[in-house]
Amino acid sequence: MRNELLSWFAREGLLLTNVVSPMEDPEHDEIKISVRAPLLALSRSSTDFRECPDPVLFGYPESSLEMMNLDDMNEFVLSWFEQAVEAGMARCFVCNQVLNMGEEKPWDAVFVSHDMYCWLLVHFDCKRYLNRDLKGRHPFEVSAQPPEFFDLRLI
Ligand SMILES: [Zn+2]
């Protein structure tokens, strides 16, 4: 992830920090601090977490991060998710059904901001079960892959 995007998350207060002291990890004699930016979940499966796409790498102007707030980022992430849904890659985090754009059961992109910072997709009807399904997930134990590159400028 580019430093500019990491800095943006830091500015918005959305970076999680994990500190491992030598007491917990005898192999290292230094305090290890790792940071984690919010993730995107294409489904609840551990292989379906993605690093947050970088708006600038998707065609936004170089300076756009300075101007963006969380609402703007939500909108950008939603447009990425819509492409993932079009490609048939996205599932409801609760019921695990593949989502599609014209379906009867509407869904929504949700930003989870407790325990871990994560965007995910969920049916409106499934939202009430979301907390149950998020329980026990530790953001530093989730490994995320780079996001798929979608051409968002065509939208
Ligand atoms: Zn569902």
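Being a predicted model, the structure only gives us computed values, none of them experimental. For every chain, the first residue of the written sequence is number 1, and numbering continues from 1 onward in sequence order. Per-residue local features of the predicted model are confined to residues with pLDDT of at least 70, and side-chain atom pairs are confined, for both listing and counting, to 80 or more; whole-chain, interface and lining totals are unaffected and use all residues. Calculated side-chain values reflect all of the structure's heavy atoms, with hydrogen atoms and water omitted.

Novice: Give me the lowdown on the overall build of the protein chain, citing residues and values where you can.
Specialist: Each helix is a run of DSSP H or I of at least 4 residues and each strand a run of E of at least 2, with the numbering of both proceeding from the N terminus. The helix and strand tally for the protein chain stands at four helices and six strands. Ordering the α and β elements of the protein chain from the N terminus gives α-β-β-β-β-α-α-β-β-α. Dimensions of the protein chain, computed from C-alpha atoms along their principal axes, come out at roughly 55 × 40 × 20 Å. Whether two residues are in contact is decided by their heavy atoms, any of which lying within 4.5 Å being enough. Put simply, of all contacts in the protein chain between residues at least 6 apart along the chain, 60% involve residues at least 24 apart. Split by element, the accessible area of the protein chain, about 9,000 Å² in all, is 49% carbon and sulfur. For every accessible area listed, the method is Shrake-Rupley and the probe measures 1.4 Å; residues are considered covered only by the protein chains on display.

Novice: Explain unusual backbone geometry to me, using residue names and the numbers behind them.
Specialist: The phi torsion at Asn 96 lies on the positive side, around 70°, for a residue other than glycine. On the secondary structure map, Asn 96 appears in the loop between α3 (70-86) and β5 (107-112).

Novice: I'd love a proper account of the pattern of salt bridges, names of residues and values included.
Specialist: Counted as salt bridges are all cases of a side-chain nitrogen of Lys or Arg within 4 Å of a carboxyl oxygen of Asp or Glu. Under the criterion given, the structure shown has eight salt bridges. In this structure, the salt-bridge partner of Arg 50 is Glu 148, at a minimum N-O distance of 2.9 Å. Pair noted here: Arg 50 is in strand β4 (residues 49-51) and Glu 148 is in the segment after α4 (130-134), with a separation of 98 residues, a long-range link. Taking the relative accessible area as the measure of exposure, Arg 50 reaches 5% and is therefore buried. For the exposure calls, accessible area comes from a 1.4 Å probe over protein chains only, and a residue counts as buried if that area is under 20% of its type's maximum, exposed if over 50%, partly exposed in between. For Glu 148, a relative accessible area of 24% puts it in the partly exposed group. Via salt bridges that share partners, Arg 2, Glu 4, Asp 54 and Glu 62 belong to a single interconnected network.

Novice: Give a description of the sheet that holds strand β3 (residues 39-41) that names residues and reports values.
Specialist: Here the rule is simple: two strands pair whenever DSSP picks up at least two bridges between them. Taking strand neighbours across the sheet as the criterion, the four strands line up as β4-β3-β6-β5 in an open arrangement whose pairing is mixed. Looking at which strands have only one partner, the edges of the open sheet turn out to be β4 and β5. When the angles between neighbouring strand axes are averaged without regard to direction, this sheet yields 30°. Sheet topology places β3 next to β4; three bridges connect them, and they run antiparallel. The partner of Leu 40 across the bridge, within β4, is Arg 50. Axis definition: a line fitted to C-alpha atoms, over the contacting stretch in the case of helices. Angles run 0 to 180 degrees between N-to-C directions. The sheet contacts of α3 involve β3, β4, β5 and β6 (118-123), and relative to β6 the element is tilted by about 55°.

Novice: Go over the coordination of the zinc ion with me, naming the residues and quoting the values.
Specialist: Distances up to 2.8 Å from the metal define which N, O and S atoms are donors, and 3.2 Å serves for Na, K and Ca; water is absent from the atom set, so sites may look incomplete. The coordination sphere of the zinc ion, as far as protein atoms go, consists of Cys 92 (SG), Cys 95 (SG), His 123 (ND1) and Cys 126 (SG), spread over 2.1 to 2.4 Å. In short, tetrahedral needs four donors with all angles between 85 and 135 degrees, square planar needs four and octahedral six donors with opposite donors over 155 degrees apart and all other angles between 65 and 115, and whatever is left is irregular. Around the zinc ion sit four donor atoms, and with donor-metal-donor angles ranging over 100 to 117° the site reads as tetrahedral. The sequence motif formed by the donor residues of the zinc ion is C-x2-C-x27-H-x2-C. Of the two residues, Cys 95 is situated in the loop between α3 and β5 and His 123 in strand β6; the sequence distance between them amounts to 28 residues. The exposure class of Cys 95 is partly exposed, given its relative accessible area of 31%. Given the relative accessible area of 0%, His 123 is considered buried.

Novice: Tell me what's going on with the confidence of the model for the protein chain, and back it up with residues and numbers.
Specialist: Looking at the protein chain, the pLDDT average stands at 90 and 95% of residues meet or exceed 70. Summarising per-element confidence for the protein chain, the mean pLDDT is lowest in strand β1 (residues 16-20) (86) and highest in β3 (97). Confidence scores labelled pLDDT are given residue by residue by the predictor and lie between 0 and 100.

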